[in-house]
Amino acid sequence: VHVTGTGRDPLEVVRQVGIRSMESAPGAPVALLLAHRQLDPRQVDDHRRRQSVQPVNVIVVGADDLLRLASTRNPLTSLIDTILLQSDLTKISPFVLSNATPQRMFYGREGEAATVLGTISSNSVAILGSRRIGKTSLLRRVQADLTEANYAVYFADCQTVRTWSDFATTIQPKWQIDVPEEFKPSHLRQIVESLRTRSLSQVVILLDEIDQLLVWDAAHTEDVVPEAFFRACRSISQEGLAQFVFSGERSIANKLSDPHSPHWNFTRPIPLRQLERDAATQLLMNPLKSLNIQISDQSKFAAEAWRRTSGHPQIIQYLGDRLVRRLDFRTDRTRLALSTDDLLSLTETFEYADHYIETYWGQATTYEKALSRLISSTPLSISQLIPLLQIEHPATDERQVLDALRILQLYGIVEEVAGAFFLKAEWFGEALRHFGGDHE
């Protein structure tokens, strides 16, 4: 938080304070401007409306406000009330929609993180999950935990890595290491040996979102060696020179089930699906409460939130952010509150249903989408699914259905109980009905 003071009319310097805040405290959602007097009610309303065009919320705190804060039993709560009164709430929403989740929003992945830590001393790991499920957030948590445990940790974001050359270009500046100009998979051992000379600690390499690199590696050879990059990773891991933590989606999931791939019996797979109910509730409710937002009938509110997200962390954060934005239209900020009716009216929209479906489907194929539509109506066994799918996909066989179901299970859309497949994402069928079941 950027804090500054002025003896002038505070509204005259608001924009200047906002710009200074961006320079001195980048990423901070608010800046505090200490002034000789507080704003009157009319000025507060005007100031709040103008916050939408400011780079950050600039909160004017007068001398009388400071005295009031100092005399209250809970000054932090009182300060938050002052911030809410003057803020564009969209700027202070605690929910994170696109980037890795910060530590304060990390709920419910402790088990997966512990599994990585318990495995990595002797074996490599593959974190599998759909987009937006929290793979990068978990990797960042693992990176911090491994560093604290005195491992030598090297992280690379491979979202834009499509070739072996791209990989070399990515790691060279981040790991501060010399990489051969014509990088080939065989050079990976040389890189690991160089990293090992820097420390007596065990080297762990975290490669986030490796699907595109997997595809390239499978389509190219080095000296007639197929999938040479990941064969090199496997050899390095088995010799104990370094261990790897990969994350990815469908490509790596398919490789792990392919006995002809170097990934077969190479890594320990850790599927990342929806949060458990308690963690999902905390992810939604705790940030709202941190803003002093009251929630009426919390148990009913939480139950409906669970039914309409099934614990998908990104959808939960999307829902939370939209609820905060809903409150921004309210001019009375003295006691901000949300009810179950607010949640229901927000989720019963095409916008929310579209986000829900697109997030769960992720990179699902047309065939997988057709399969999920069938299961959204009623639980079905494989023997029941095959003739239904053959109506539009005549070449359907049991192997194709099993492969598609494996991806839909990875995405957290369906699960199997006693030979029947049914929706794990409970609200999926209702979301589809917003589009007449024809959403593509």
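Going by the structure above, here's the rest.
We now turn to the structure provided with this report. Everything quoted here is computed from the prediction, not taken from an experiment. (Residues numbered from 1 in each chain as written. Predicted model: local features only at pLDDT ≥ 70, side-chain atom pairs only at ≥ 80, totals over all residues. Heavy atoms only, no water.)

### Concerning the pattern of salt bridges
This is how the line gets drawn: One side-chain nitrogen of Lys or Arg within 4 Å of one carboxyl oxygen of Asp or Glu is enough to make a salt bridge. Only DSSP runs of H or I reaching four residues or more are called helices, and only runs of E reaching two or more are called strands; each is numbered from the N terminus. Each residue gets one of three labels from its accessible area relative to the maximum for its type: buried under 20%, exposed over 50%, partly exposed in between, using a 1.4 Å probe on protein chains only.
In the structure shown here, the tally under the stated rule is 26 salt bridges. Between Arg 37 and Asp 9 there is a salt bridge, with its nearest N and O atoms 3.6 Å apart. With Arg 37 in the loop between β2 (30-35) and α2 (41-50) and Asp 9 in the loop between β1 (2-6) and α1 (14-24), this pair connects stretches of sequence that are 28 residues apart. For Arg 37, a relative accessible area of 29% gives the class partly exposed. Asp 9 gets classed as partly exposed once you look at its relative accessible area, which sits at 28%. Measuring nitrogen to oxygen at the nearest pair gives 3.2 Å for the salt bridge that ties Asp 65 to Arg 68. With Asp 65 and Arg 68 both in helix α3 (residues 63-71) and three residues apart, this pair spans about one turn of that helix. Here Asp 65 falls in the buried class, since its relative accessible area comes to 12%. For Arg 68, a relative accessible area of 37% corresponds to the partly exposed category.

### Overview of the nonpolar core
Soluble globular proteins tend to pack their nonpolar side chains together in the buried interior. What counts is decided by this rule: Put simply, a nonpolar core is a bunch of buried Ala, Val, Leu, Ile, Met, Phe, Trp, Tyr and Cys residues held in one set by side-chain atoms that sit within 4.5 Å of each other. Note on definitions: a residue-residue contact is assigned when non-hydrogen atoms from the two residues lie within 4.5 Å.
Counting 106 residues, the largest nonpolar core has Phe 167, Trp 175, Leu 207, Phe 229, Tyr 356 and Phe 428 as the members making the most contacts within it. Look past the residues within four positions of Leu 207 in its chain and what remains in contact with it is Leu 139, Ala 156, Cys 158, Phe 167, Trp 175, Phe 229, Val 245, Phe 246 and Ser 247. The next biggest cluster of nonpolar side chains, apart from the first, holds 19 residues, and it includes Phe 106, Val 153, Val 204 and Ile 270.

### Remarks on the sheet that holds β1
What counts, and what does not: Strand pairing is assigned whenever DSSP detects at least two bridges linking the two strands. A fitted line through C-alpha atoms serves as each axis, taken over the contacting stretch for helices, and the angle formed by two N-to-C directions is quoted from 0 to 180°.
Taking strand neighbours across the sheet as the criterion, the three strands line up as β1-β2-β3 in an open arrangement whose pairing is parallel. Only two strands of the sheet have a single neighbouring strand rather than two, namely β1 and β3 (57-61). For this sheet the average axis-to-axis angle between neighbouring strands, irrespective of direction, equals 25°. Strands β1, β2 and β3 of the sheet are contacted by α1, whose axis makes an angle of about 145° with β1.

### Re unusual backbone geometry
At Asn 150, a residue that is not glycine, the phi angle is positive and equals roughly 75°. For Asn 150, the location among the structural elements is in the loop between α7 (135-148) and β5 (152-157). By relative accessible area, which is 56% here, Asn 150 ends up exposed. At Ser 310, a residue that is not glycine, the phi angle is positive and equals roughly 55°. Tracing the backbone through its elements, the reader meets Ser 310 in the loop between α14 (298-307) and α15 (313-327).

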